[in-house]
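# Observations on the model geometry
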Amino acid sequence: MCSWEQRKLEDICSYQSSSLTINDIDENGQYDLYDANSLIGKTNKGYMKMEYITIIKDGAGVGRTRMLPKNSMFLGTMGALTPKNKCLGFLYQLVTNANLGKICTGSTIPHIYFKDYGKLKFCIPSIIEQEVIGKFFNNIDYLITLHQQEPFLYGNSVNYGVKLC
């Protein structure tokens with residue numbers, strides 16, 4: 001039987017910040033550059049060597065997470081989390097479901113800081129269990145995305161692909 005252990009987030013992942021802005025877009029850049037919502041262009045100013053999780057650190061979307069591919073970079077409005085000998089899929093599910101946006105500070109512009117949320121404790125299983133759990137929830141996320149796209153695949157977004165009588 002595998003046991004789960006309680007660990008601080010800062011013990012299971014590393015945090016990296018970015019100082020990149022939209023001005024760092026380079027049409028001849030080698031690496032994809034992401035803002036809080038999408039791919040916005042290319043850059044040559046650094047890149048992440050492995051897949052990673054971004055977390056919006058201030059503003060209206062504070063605490064929102066997403067996974068991004070290796071050999072890409074992100075703007076300074078976000079921070080990046082990479083696992084320390086842990087499963088990225090499990091870490092993504094962990095931080096996404098922790099609802100970190102609720103622990104923000106600041107009334108005008110909400111902020112979250114890794115120095116604060118990195119101290120949060122979570123129960124962590126073995127790496128084998130992390131991989132199983134991570135794959136399971138990533139597959140569910142994928143299925144939900146597919147089902148949300150179905151109305152558009154059938155060419156009728158008005159009635160969500162349902163044939164009307």
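This write-up is about the structure you can find in this document. Here the structure is a predicted model, which means the values were calculated and not measured.

## So, the packing of aromatic side chains
According to the stated counting rule, one finds five aromatic pairs in the structure shown. Ring plane angle 45° and centroid distance 5.7 Å describe the contact between Tyr 52 and Phe 74, whose orientation is recorded as tilted. Taken together, the positions of Tyr 52 in strand β5 (residues 52-56) and Phe 74 in strand β7 (residues 72-74) put the pair 22 residues apart, joining distant regions of the chain. A residue is classified by how much of its surface remains accessible, and Phe 74, at 0% relative accessible area, is buried. Ring geometry for Phe 136 against Phe 137: centres 5.1 Å apart, planes inclined by 85°, an arrangement best described as edge-to-face. Taking the relative accessible area as the measure of exposure, Phe 136 reaches 49% and is therefore partly exposed. What makes Phe 137 partly exposed here is its relative accessible area of 36%. The ring centre of Tyr 113 lies 5.6 Å from the NZ or CZ of Lys 115, which sits over that ring.

## Observations concerning the nonpolar core
Leu 9, Ile 53, Leu 81, Leu 91, Leu 94, Val 95 and Tyr 117 are the most contacted members of the largest nonpolar core, which has 20 residues in total. Mapped onto this core, the elements with two or more residues apiece are α1 (9-12), β5, α2 (88-97), α3 (114-117) and β9 (121-124). Sequence-distant contacts of Leu 91, that is, excluding residues within four places in its chain, are made with Leu 9, Ile 12, Cys 13, Ile 53, Thr 82 and Pro 83. Among the nonpolar cores identified, the runner-up in size contains 12 residues, and Ile 56, Leu 68, Leu 75 and Ala 80 belong to it.

What counts, and where the lines are drawn
- Residues numbered from 1 in each chain as written.
- Predicted model: local features only at pLDDT ≥ 70, side-chain atom pairs only at ≥ 80, totals over all residues.
- Heavy atoms only, no water.
- Phe/Tyr/Trp six-rings, centres within 6.5 Å; stacked < 30°, edge-to-face > 60°.
- Helix = DSSP H or I, 4+ residues; strand = E, 2+ residues; numbered from the N terminus.
- Buried < 20%, exposed > 50% of the residue type's maximum accessible area, 1.4 Å probe, protein only.
- Lys NZ or Arg CZ within 6 Å of the ring centre and 35° of its normal.
- Core = buried A, V, L, I, M, F, W, Y, C linked by side-chain atoms within 4.5 Å.
- Contact = heavy atoms within 4.5 Å.

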